[in-house]
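The residues making up each chain are set out below.
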Amino acid sequence: MPLPIERLCWVDAGHNAGLVTRYEVFHLPALFLVKDGHFFGALHTRLTHSDLVNAMGEALLRPAEELP
């Protein structure tokens, strides 16, 4: 499924408890959007192409947050 992204990182929550705590992951799977070093938070959407693209577009309209 082609997405408008440069990099997708997979983190195994079972082996990376520090990241799970840092990003306050409460539900899996969890998706977070970072662009050009700016954190745009979690994406809460279905894992379909159109839903992911729409969620990324909406997230980029929000002000960037501080990285956890």
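Keep in mind that this is a model prediction, so the values were computed, not measured.

J.: Any chance you could explain the environment of Leu-19 here in plain terms?
T.: Considering the arrangement of structural elements, one finds Leu-19 in helix H1 (residues 17-22). Separated by 23 residues in sequence, Leu-19 and Ala-42 place their C-alpha atoms 14 Å apart.

J.: Looking at this structure, I do not really get the pairing of strand S1 (residues 31-35). What am I missing?
T.: In the case of a regular strand, side chains alternate between the two sheet surfaces. Strand direction decides the pairing type here: S1 and strand S2 (residues 38-43), joined by four bridges, are antiparallel. Paired with Val-34 across the strands is Phe-39, a residue of S2. As consecutive antiparallel partners, S1 and S2 are separated by two residues, and within that stretch Asp-36 has a phi angle of approximately 50 degrees, a positive value.

J.: How do you make sense of the packing of aromatic side chains when you look at a structure like this?
T.: Both the distance between ring centres and the angle between the ring planes are used here to describe each pair of aromatic rings. According to the stated counting rule, one finds three aromatic pairs in the structure shown. A ring pair is formed by Tyr-23 and Phe-39, whose centres lie 5.9 Å apart and whose planes are at 55 degrees; its orientation type is tilted. Here Phe-39 lies in strand S2 and Tyr-23 lies in the loop between H1 and S1, a separation of 16 residues in the sequence. A residue is classified by how much of its surface remains accessible, and Tyr-23, at 23% relative accessible area, is partly exposed. Judged by centre distance (6.1 Å) and plane angle (25 degrees), the ring pair of Phe-32 and Phe-39 falls under stacked. The rings of Tyr-23, Phe-32 and Phe-39 are connected pair by pair, giving a single aromatic cluster.

J.: Would you explain the nonpolar core in this entry?
T.: Nonpolar side chains tend toward joint burial in soluble globular proteins. One finds Leu-33, Phe-40, Leu-43, Ala-55, Met-56 and Ala-59 forming the largest nonpolar core, which totals six residues. Sorting the residues of this core by element identifies S2 and helix H2 (49-61) as the ones contributing at least two each. Considering each element in turn, this core owes the most residues, three residues, to H2. Aside from chain neighbours lying at most four places away, what touches Ala-59 is Leu-33, Phe-40 and Leu-43.

J.: Where do I start with the side chain of Asp-51 in this structure?
T.: Within the secondary structure layout, Asp-51 lies in helix H2. Residue class for Asp-51 comes out buried when judged on its relative accessible area of 19%. Polar contacts involving the side chain of Asp-51 include one to the side chain of Arg-46, which spans 2.8 Å. Among residues more than four places away in sequence, those in contact with Asp-51 are Thr-45 and Arg-46.

Analysis parameters
- Residues numbered from 1 in each chain as written.
- Predicted model: local features only at pLDDT ≥ 70, side-chain atom pairs only at ≥ 80, totals over all residues.
- Heavy atoms only, no water.
- Helix = DSSP H or I, 4+ residues; strand = E, 2+ residues; numbered from the N terminus.
- Pairing = 2+ DSSP bridges.
- Phe/Tyr/Trp six-rings, centres within 6.5 Å; stacked < 30°, edge-to-face > 60°.
- Buried < 20%, exposed > 50% of the residue type's maximum accessible area, 1.4 Å probe, protein only.
- Core = buried A, V, L, I, M, F, W, Y, C linked by side-chain atoms within 4.5 Å.
- Contact = heavy atoms within 4.5 Å.
- Polar contact = N/O pair within 3.5 Å; in protein donor to acceptor, adjacent residues only side chain to side chain.

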